[in-house]
Amino acid sequence: MTTTILDLLESLYGRATTGLKHNSAYELLVATILSAQCTDERVNLITPALFRAYPRPQLLAQASPEEVAEYIRSAGLWKTKSRNLVKTAQILVREHQGQVPQTRAELEALPGVGRKTANVVLANAFGIPAIAVDTHVFRVANRLGLAQAANPRQTEEQLMKAIPQAKWIQAHHWLIQHGRAVCRARNPLCESCPLNPYCRYYSQEKSSSS
Ligand code: SF4
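Residues numbered from 1 in each chain as written. Predicted model: local features only at pLDDT ≥ 70, side-chain atom pairs only at ≥ 80, totals over all residues. Heavy atoms only, no water.

S.K.: Mind laying out the packing of helix H5 (residues 65–72) against helix H6 (residues 78–95), listing which residues take part and the relevant values?
M.R.: Relative placement of two packed helices is described by the angle separating their axes and the distance separating the axes. For the pair H5 and H6, interaxial distance at closest approach is 8 Å and the crossing angle is 125°. In terms of their interaxial angle, H5 and H6 are classed as oblique. Crossing angle aside, the handedness with which H5 passes H6 is right-handed. For the pair H5 and H6, the contacting residues are Pro65, Val68, Ala69 and Ile72 in the first and Trp78, Lys81, Ser82, Arg83, Leu85 and Val86 in the second. Classifying every residue of the contact of H5 with H6 gives seven nonpolar, one polar and two charged. (Axes fitted to C-alpha atoms, helices over the stretch in contact; angles between N-to-C directions. Helix = DSSP H or I, 4+ residues; strand = E, 2+ residues; numbered from the N terminus. Parallel < 35°, antiparallel > 145°, perpendicular 65-115°, else oblique. Left-handed = near helix turned anticlockwise from the far one by under 90°. Contact = heavy atoms within 4.5 Å. Nonpolar A, V, L, I, M, F, W, Y, C, P; charged D, E, K, R; others polar.)

S.K.: Describe in detail the pattern of salt bridges, supporting the description with residues and values.
M.R.: Close approach of charged atoms lets side chains of opposite charge pair. Following the criterion strictly, the structure yields seven salt bridges and no others. For arginine 104, the salt bridge is made with glutamate 108, and the minimal N-O distance between the two is 3.9 Å. Note that arginine 104 and glutamate 108 are positioned in helix H7 (residues 104–108) at a spacing of four residues, about one turn of the helix. With a relative accessible area of 33%, glutamate 108 lands in the partly exposed category. Close ionic contact of glutamate 157 with arginine 153 constitutes a salt bridge, the shortest N to O distance being 3.4 Å. Residue glutamate 157 and its partner arginine 153 are both found in helix H10 (residues 152–162); the two are separated by four residues, about one turn of the helix. The class of arginine 153 is partly exposed, set by a relative accessible area of 43%. (Salt bridge = Lys/Arg side-chain N within 4 Å of Asp/Glu carboxyl O. Buried < 20%, exposed > 50% of the residue type's maximum accessible area, 1.4 Å probe, protein only.)

S.K.: Lay out the environment of leucine 12 with the relevant residues and their values.
M.R.: Along the polypeptide, leucine 12 turns up in helix H1 (residues 2–13). Residue leucine 12 is classed as partly exposed on the basis of its relative accessible area of 39%. Sequence separation of leucine 12 and proline 111 is 99 residues, and the distance between their C-alpha atoms is 36 Å. Not counting residues within four places of it along the chain, the set of residues in contact with leucine 12 comprises His178 and Pro194.

S.K.: Run through the layout of surface pockets, naming residues and quoting values.
M.R.: Taken as a whole, the largest pocket spans an internal volume of roughly 520 Å³. Along the walls of the largest pocket sit 24 residues, with Cys38, Asp40, Asp134, His136 and Arg180 positioned nearest its centre. Put simply, the parts of the chain that give the lining of the largest pocket at least two residues each are helix H3 (40–53), helix H8 (115–126), helix H9 (135–144) and helix H11 (168–181). At five residues, H11 tops the list of elements feeding residues into the lining of the largest pocket. Each residue belonging to the lining of the largest pocket can be placed in one class, and the counts come to six nonpolar, 13 polar and five charged. (1 Å grid on protein atoms, 1.4 Å probe; cavity = no way out; pocket = protein on both sides within 12 Å on 5 of 7 lines; lining within 4 Å. Points joined across faces, edges and corners; volume = space filled by probe spheres on them.)

Okay, structure coming up:
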């Protein structure tokens, strides 16, 4: 069943990648920190000016949170995010020669970087297999039955067991895209969803309504 679902997702979404525009691991890290409780579209509107002002961690590390806040006010949680961005840049400069580290432990030690953000950076900046579980991945994976989990961490562990490692990065993107386009939080488009013959949520809904 999992293989069929993955094959269908691949046929629907092909080679997918993050919606966050970036040209380096540093830019992806900044964009991902900004994306907490903010859409990718909003982040992509903010980051061009931010990256022009602070194209390297060394420059961001010297900024004040108030200066950074001027660029990111529309991102939500801007006070916390501007503090975290400056502190993160300072750690990159002080402890990592201005580079974004490539281990989960080092990434999660950065302010504003939790497991999900670390996974996004590992997978999309460095090609290291990881499954970042955001709200879309959590919802779609559990509806489909790829996971039966109460929280994102359990969902990640179950997905890593269910999905071949070579497909972790793409599966993350496929689930996000399906969550945005079809399997929406409210009113999922189940009747037109190509995955409905294999979906646990759909079969439960059908049996409860019959
Ligand atoms: S059938 Fe419905 S619940 Fe299942 S994946 Fe498709 S849209 Fe989501």
